[in-house]
Amino acid sequence: SSRLPWRGKNVLITAGPTFEPIDPVRFIGNHSSGKMGFALAHEAAQRGAAVTLVTGPTSQETSHPGIQCLRVNTAQQMLDTALEHLEAADIVIGAAAVSDYRPATVADEKIKKSEDHLSLDLVKNPDIIHSLSKRRKPGQFFLGFALETEKEAEHARAKLSRKGLDAIVLNSLRDKGAGFGGDTNKISFIDKNSELTPFALKEKSEVARDILDEIDRRL
Ligand code: C5P
């Protein structure tokens, strides 16, 4: 119906940070709040979609019946969980702030303080949205995010094409009120034809509406 225009659609969303363990009590993580991913999940569910939200550790909660919220810690767990839901997805959104690296080994016991210097050996994590888009089926739509500090549009377009996406949401760190933690965001939507649509600074719930409208227009 017109009230539930996304009824019958499956939407897969990654959200939040990932935590990569160093030892039983420590991890490498980041300050992603998960708010943008949860706002997208909520907006898609409001439109009638069946949403699978794979989220890293965050204080965000959801009780929307249209959202299946799957909580994970690491990038590898996020990838494995997303892969289980990829086939059914019509739209895949990578809103997670994935740790690019993880400790090469996880210490069994708490690492003791001893020398003045301690080095951690890190290995690259899989790129989740790229791994998913490599397995794309005809008709699936892939959206990523890019947080850039310089040559924003150029870097975002390169990221879109490198990761095999249909579109990318650009957050500029230059814009006050955009990005991590806050309740507002200022984005531009860039599609694979390089068309760039800028938006004003808004609440993340409204940003989610703009993003889904832009996706809708391209389905
Ligand atoms: O390469 P960069 O981290 O700037 O790309 C950001 C986009 O890629 C976001 O959509 C993010 O969710 C996704 N990403 C990912 N797995 C990674 C790194 C980034 O899915 N390991």
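Counting restarts for each chain, with residues numbered from 1 along the sequence as it is written. Two thresholds apply to this predicted model, a pLDDT of at least 70 for residue-level local features and 80 or more for giving and counting side-chain atom pairs, whereas whole-chain, interface and lining totals are computed over all residues. Only hydrogens and water are set aside; all other atoms, that is, all heavy atoms of the structure, feed into the side-chain values.

> Lay out the overall build of the chain with the relevant residues and their values.
Per the convention used, a helix needs a DSSP run of H or I reaching at least four residues, while a strand needs a run of E reaching at least two, with both numbered from the N terminus. Broken down by element type, the chain carries five helices and 14 strands. Note that the radius of gyration is over C-alpha atoms, with the globule rule given as 2.2 Å times the number of residues to the power 0.38. Compactness check: the chain gives a C-alpha radius of gyration of 18 Å against a globular reference of 17 Å for 219 residues, within 12% of the reference. For the chain, the spread of C-alpha atoms along the principal axes amounts to about 65 × 35 × 30 Å. Across the 219 residues in the chain, those meeting the buried criterion constitute 46%. Carbon together with sulfur atoms contributes 47% to the accessible area of the chain, which is approximately 11,600 Å² in total. Positive: Lys, Arg. Negative: Asp, Glu. His and the chain ends are not part of the count. Here the site of a charge means NZ on Lys, CZ on Arg, CG on Asp, or CD on Glu. Separation between the mean location of the 30 positive side-chain charges and that of the 30 negative ones in the chain comes to 3 Å. Burial here depends on accessible area, computed with a 1.4 Å probe over protein chains only, as a share of the maximum for the residue type. Under 20% is buried, over 50% is exposed, and the range in between is partly exposed. Throughout, the Shrake-Rupley method with a 1.4 Å probe supplies accessible areas, and for residues the shown protein chains are the sole cover considered.

> How would you sum up the nonpolar core? Please name residues and give values.
The nonpolar core is taken to be a set of buried Ala, Val, Leu, Ile, Met, Phe, Trp, Tyr and Cys residues, with the residues joined through side-chain atoms within 4.5 Å. Judged by nonpolar contacts, the single largest core of 31 residues is most densely connected at Val-11, Leu-40, Val-51, Ile-93, Leu-143, Ile-211 and Ile-215. Secondary-structure elements contributing two or more residues to this core are β1 (10-15), α1 (35-46), β4 (50-55), β6 (91-94), β9 (141-148), β10 (167-172), β12 (187-191) and α5 (204-218). Broken down by element, the residue count for this core peaks at seven residues, all from α1. We call two residues contacting when some pair of their heavy atoms lies within 4.5 Å. Not counting residues within four places of it along the chain, the set of residues in contact with Val-11 comprises Trp-6, Ala-44, Ala-49, Ala-50, Val-51, Thr-52, Ile-91 and Ile-93. Among the nonpolar cores identified, the runner-up in size contains 22 residues, and Leu-12, Ala-75, Val-92 and Ile-129 belong to it.

> Before we move on, can you summarise the site of the ligand with the specific residues and values?
Nearness is judged by heavy atoms alone; a residue qualifies as near a molecule or strand once a single heavy atom is within 4 Å of it. Gly-94, Ala-96, Val-98, Asp-100, Pro-126, Asp-127, Ile-128, Ile-129, Gly-144, Phe-145, Lys-159 and Lys-163 make up every residue found near the ligand. In this structure, an oxygen atom belonging to the ligand sits 2.6 Å away from a main-chain N or O atom of Ala-96. Within the contact set of the ligand, an oxygen atom lies 2.8 Å away from a side-chain nitrogen or oxygen of Lys-163. In isolation the ligand has 440 Å² of accessible area, and contact with the protein removes 84% of it. Those elements that provide at least two residues to the shell around the ligand are α3 (128-134) and β9. Pairing of N or O atoms within 3.5 Å defines a polar contact, subject to two protein rules: one partner must be a possible hydrogen donor and the other a possible acceptor, and residues neighboring in sequence count only if both atoms are side-chain atoms.

> So, the environment of Gln-140: which residues are in play, and what are the values?
Along the chain, Gln-140 turns up in the loop between α3 and β9. As a C-alpha pair, Gln-140 and Asp-90 span 50 residues in sequence and 4.8 Å in three-dimensional space. Leaving out residues up to four positions away in the same chain, Gln-140 has contacts with Leu-86, Glu-87, Ala-89, Asp-90, Arg-135 and Asp-166. At 2.9 Å, the side chain of Gln-140 forms a polar contact with the backbone oxygen of Ala-89.

> Summarise the UniProt feature "binding site: CTP" (unreviewed entry) in the chain; cite the residues concerned and give the values.
Residues annotated by UniProt as "binding site: CTP" (unreviewed entry) correspond here to Asp-100, Lys-110, Pro-126, Asp-127, Ile-128, Ile-129, Phe-145, Lys-159 and Lys-163. The annotated residues occupy 64 residues of the chain and do not converge on a single region, their most distant C-alpha atoms lying 37.8 Å apart. Mapping Ile-129 onto the fold places it in helix α3. Within the fold, Lys-159 resides in helix α4 (residues 152-162). Those residues in contact with Lys-159, other than ones at most four positions away along the chain, are Phe-145, Ala-146, Glu-148 and Ile-168. For Lys-159, the side chain forms a polar contact with the side chain of Glu-148, separated by 2.7 Å. UniProt positions are given in the numbering used here, feature names are shortened, and annotations may be inferred rather than shown by experiment.

> Which residues make up the packing of α1 against α5, and what values go with them?
Relative placement of two packed helices is described by the angle separating their axes and the distance separating the axes. As a packed pair, α1 and α5 sit with axes 8 Å apart at the nearest point and diverge in direction by 60°. Taken together, the axes of α1 and α5 are oblique relative to one another. Once α1 is placed against α5, the crossing between them reads as right-handed. Facing Lys-35, Met-36, Ala-39, Leu-40, Glu-43 and Ala-44 of α1, the residues of α5 in contact are Lys-204, Ser-205, Val-207, Ala-208, Arg-209, Ile-211 and Leu-212. Classifying every residue of the contact of α1 with α5 by side-chain character gives eight nonpolar, one polar and four charged. Only the stretch in contact is used when a helix axis is fitted, and all axes are lines through C-alpha atoms; the angle between N-to-C directions ranges over 0 to 180 degrees. In these notes the angle categories are as follows: under 35 degrees is roughly parallel, over 145 is roughly antiparallel, 65 to 115 is roughly perpendicular, and the rest is oblique. By definition, any crossing whose near helix is turned counterclockwise from its far helix by less than a right angle is left-handed, and any crossing with a clockwise turn is right-handed. Classification used: nonpolar for Ala, Val, Leu, Ile, Met, Phe, Trp, Tyr, Cys and Pro, charged for Asp, Glu, Lys and Arg, polar for all others including Gly.

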